[in-house]
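So the chains spell out like this:
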Amino acid sequence: MLGFKSSTACFHLLSPRHFKSKMSSAEHMIEHVVLFKAKPNSEPSKLYAMVNNLNSLTCLNQVVHLSSGPLIRDRSSFSFTHMLHSRYKSKSDLADYSAHPSHVSVVKEYVLPMVDDIMAVDWVATDFSGSGVVPPGSAIRVTFLKLKENLGENEKSQVLNAVGGIKEKFPGIEQLTVGENFSPGRAKGFSIASIAVFKGVKELEALESQMELANEQKEKVRDYLDGVVVVDYVVAPTTQSASL
């Protein structure tokens, strides 16, 4: 196993009691997704340290769920390589997490030296249901949409409704959250986001066999879109770091 130095007070090997305490449900949840593009020829040991130190932030009180690791697929022109997904009960909790010295230290010491590009999107997942913690082994599909300029609220609502209606079409999706980005600074102009959670990679791959149905959903809003980012990711076990 490659060695690393954790800069936080506690690491992400959480006790069952700690894990259970974060298995909360709520009427809404704050979703926070960060996509990273690792520098070419990055040393595996340093990428390993980046991922492990990001995952160590799970212990912060503000965090409901946090998982970071390499992507299994990126369908965009940005060539992202890694992702962090975390959840919070409020925007203020997200802000406190972002300003926390442990988070600031990890970003400065382990993330920024290793990446060429970062994209971050935050949204309120209204009518949230289910556990706030995504179980290890789950597959996640993240979709970001950039809307064409000068669209009205009606067109935006159509896009949100079309994305939100995907779960009814695809029973393999165990949890779906959709929302409008409220942190435009690092979102590259993408304003609509969704996370679809699957039991595992097998269930995610089954979606590919239903492309005709998926394309029907896309056609409903294609004329309103100026860009799409789709990435797939698997949540690593809490007691095991993502292998790179």
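Residues numbered from 1 in each chain as written. Predicted model: local features only at pLDDT ≥ 70, side-chain atom pairs only at ≥ 80, totals over all residues. Heavy atoms only, no water.

If you check an unreviewed UniProt entry, the protein chain appears there as Stress-response A/B barrel domain-containing protein from Anisodus tanguticus. The Subunit (unreviewed entry) field of the UniProt record for the protein chain holds the comment "Homodimer." (UniProt positions renumbered as here; feature names shortened; annotations may be inferred.)

1. Description of the packing of helix α2 (residues 44-55) against helix α4 (residues 101-111)
Between α2 and α4, whose axes approach to 9 Å, the crossing angle comes to 175°. The orientation of α2 with respect to α4, classified from their angle, is roughly antiparallel. Across from Ala-49, Met-50, Asn-53 and Leu-54 in α2, the residues of α4 making contact are Val-106, Tyr-110 and Val-111. Classifying every residue of the contact of α2 with α4 by side-chain character gives six nonpolar, one polar and no charged. (Axes fitted to C-alpha atoms, helices over the stretch in contact; angles between N-to-C directions. Helix = DSSP H or I, 4+ residues; strand = E, 2+ residues; numbered from the N terminus. Parallel < 35°, antiparallel > 145°, perpendicular 65-115°, else oblique. Contact = heavy atoms within 4.5 Å. Nonpolar A, V, L, I, M, F, W, Y, C, P; charged D, E, K, R; others polar.)

2. Brief notes about the layout of surface pockets
Taken as a whole, the second largest pocket spans an internal volume of roughly 300 Å³. Considering the residues around the second largest pocket, the lining is formed by 15 residues, among which Thr-126, Asp-127, Leu-176, Thr-177 and Val-178 are closest to the centre. For the lining of the second largest pocket, the elements supplying multiple residues, two or more each, are β4 (115-126), α5 (153-164) and β6 (173-180). Among the elements that make up the lining of the second largest pocket, the one with the highest residue count is β6 (seven residues). The residue inventory of the lining of the second largest pocket, partitioned by class, reads five nonpolar, six polar and four charged. (1 Å grid on protein atoms, 1.4 Å probe; cavity = no way out; pocket = protein on both sides within 12 Å on 5 of 7 lines; lining within 4 Å. Points joined across faces, edges and corners; volume = space filled by probe spheres on them.)

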